[in-house]
Amino acid sequence: MTRTSPPAAWTLLLCGLAGWIAAFVLLVEDFKLLSEPGYIPSCSLNPVLSCGSVMATDQAAVLGFPNPIIGLVGFSVVVTLGVLSVAGVVLPRWIWTGLWLGTVAGTLFICWLIFQSLYRINALCPYCMVVWAIITPLLAVLTEQLWGNDRGALRVVAEWRWTFVAVFYAVVLVLVFLRFQDYWLSLF
């Protein structure tokens, strides 16, 4: 049984809520796009920030249904465990391990989607970027939850977790800037 620290519990809850809301809004936008010809999603702001362009691709439905459904399900689990953690419920380690494994899978999926957005689709979805931004802090919190008190290599990973998050953010920001630098520089 593992107790979650209050900051970690609140991080889980708030990141889970942000991810769930982003997935929900994106799914609503996707359904409107499918049902209303000519609909322009609220997140299609310019040629670069254009979720309409992203939603029209095969990558937006990797498993044959819209990717935001994966987000709704996954973030519902995170929100549920976040609420339980904030309430002080002590959960077994296997639940945290399962959530950590799911978050690792989500992180790998997000990395693939980032690559697809930057180099295949050539557009960014603002709601997707919310998920990009919260997946690594979730992974960091869960890594600390599982291995913060262990010894050895996993403890080292837990100690450096926020450095990994900062490196992830820096790499993604640099890639986004470099990929669309002509557009960004044209704004000035």
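If you're wondering where the values come from, they're calculated on a predicted model, not measured in any experiment.

Undergrad: Mind laying out the overall build of the protein, listing which residues take part and the relevant values?
TA: Along the protein, the regular secondary structure elements total eight helices and zero strands. Taken from the N to the C terminus, the helices and strands of the protein come in the order α-α-α-α-α-α-α-α. By the compact-globule yardstick of 16 Å for 188 residues, the protein fits well, its C-alpha radius of gyration being 18 Å. Overall, the C-alpha framework of the protein stretches about 50 × 35 × 30 Å when taken along its three principal axes. Across the 188 residues that make up the protein, the buried fraction comes to 41%. Counting only contacts in the protein whose residues sit at least 6 apart along the sequence, the fraction spanning at least 24 positions is 73%. About 10,100 Å² of surface is accessible on the protein, with carbon and sulfur atoms providing 72% of the total. A gap of 12 Å separates the mean positions of the 8 positive and 8 negative side-chain charges of the protein.

Undergrad: Help me get a handle on the packing of aromatic side chains, residues and values and all.
TA: The final tally for this structure, using the stated rule, is seven aromatic pairs. Aromatic pair Phe115 and Tyr119: ring centres 5.4 Å apart, planes at 45°, arrangement tilted. Of the two residues, Phe115 and Tyr119 are both situated in helix H4 (residues 93-121); the distance of four residues between them amounts to about one turn of the helix. Looking at Phe115, the relative accessible area reads 35%, which means it is partly exposed. Judged by its relative accessible area of 34%, Tyr119 falls in the partly exposed class. Plain terms: the ring middles of Tyr183 and Trp184 are 5.5 Å apart, the flat faces sit at 65° to each other, and that makes the pair edge-to-face.

Undergrad: Tell me about the UniProt feature "domain: Vitamin K epoxide reductase" (unreviewed entry) in the protein, and please be specific about residues and values.
TA: The UniProt feature table records "domain: Vitamin K epoxide reductase" (unreviewed entry) at residues 5-146. For residues 5-146, the end-to-end C-alpha separation is 12 Å, with 74% helix and 0% strand making up the annotated structure.

Undergrad: I'd like a description of a nonpolar patch on the surface, backed by residues and values.
TA: Taken together, the side chains of Trp10, Leu14, Leu17, Trp20, Ile21, Phe24, Val28 and Val86 present a nonpolar region at the surface, about 680 Å² in accessible area. The leading source of residues in the nonpolar patch is helix H1 (residues 6-35), at seven residues.

Undergrad: An account of the environment of Tyr169 is requested, with residue identities and associated values reported.
TA: If you trace the backbone, Tyr169 turns up in helix H7 (residues 161-179). For Tyr169, a relative accessible area of 31% corresponds to the partly exposed category. For the pair Tyr169 and Leu72, spaced 97 residues apart in sequence, the C-alpha to C-alpha distance is 23 Å. Not counting residues up to four positions away in its chain, the partners in contact with Tyr169 are Ala133, Thr136 and Pro137.

Undergrad: Outline the state of the cysteines, supporting the account with residue identities and numerical values.
TA: Applying the stated criterion across every chain, the model contains one disulfide. Put simply, Cys43 and Cys51 are joined by a disulfide, and their sulfur atoms are 1.5 Å apart. For the disulfide bridge between Cys43 and Cys51, the dihedral angle about the S-S bond is near 100°, and by the sign convention the bridge is right-handed. The same class applies to Cys43 and to Cys51, which are both buried. The closest cysteine sulfur to the non-disulfide-bonded Cys15 is located on Cys111, 16 Å from its own sulfur. Distance from the sulfur of Cys111, which forms no disulfide, to the nearest cysteine sulfur (Cys128) is 14 Å. Residue Cys111 is classed as partly exposed on the basis of its relative accessible area, which comes to 35%.

Conventions adopted
- Residues numbered from 1 in each chain as written.
- Predicted model: local features only at pLDDT ≥ 70, side-chain atom pairs only at ≥ 80, totals over all residues.
- Heavy atoms only, no water.
- Helix = DSSP H or I, 4+ residues; strand = E, 2+ residues; numbered from the N terminus.
- Rg over C-alpha atoms; globule rule 2.2 N^0.38 Å.
- Buried < 20%, exposed > 50% of the residue type's maximum accessible area, 1.4 Å probe, protein only.
- Contact = heavy atoms within 4.5 Å.
- Areas by Shrake-Rupley, 256 points an atom, 1.4 Å probe, with all protein chains shown as cover.
- Lys, Arg positive; Asp, Glu negative; His and termini not counted.
- Charge placed at Lys NZ, Arg CZ, Asp CG, Glu CD.
- Phe/Tyr/Trp six-rings, centres within 6.5 Å; stacked < 30°, edge-to-face > 60°.
- UniProt positions renumbered as here; feature names shortened; annotations may be inferred.
- Patch = residues over 30% accessible without salt bridge, like charges linked within 9 Å, V, L, I, M, F, W, Y side chains within 5 Å.
- Salt bridge = Lys/Arg side-chain N within 4 Å of Asp/Glu carboxyl O.
- Disulfide = S-S within 2.5 Å.

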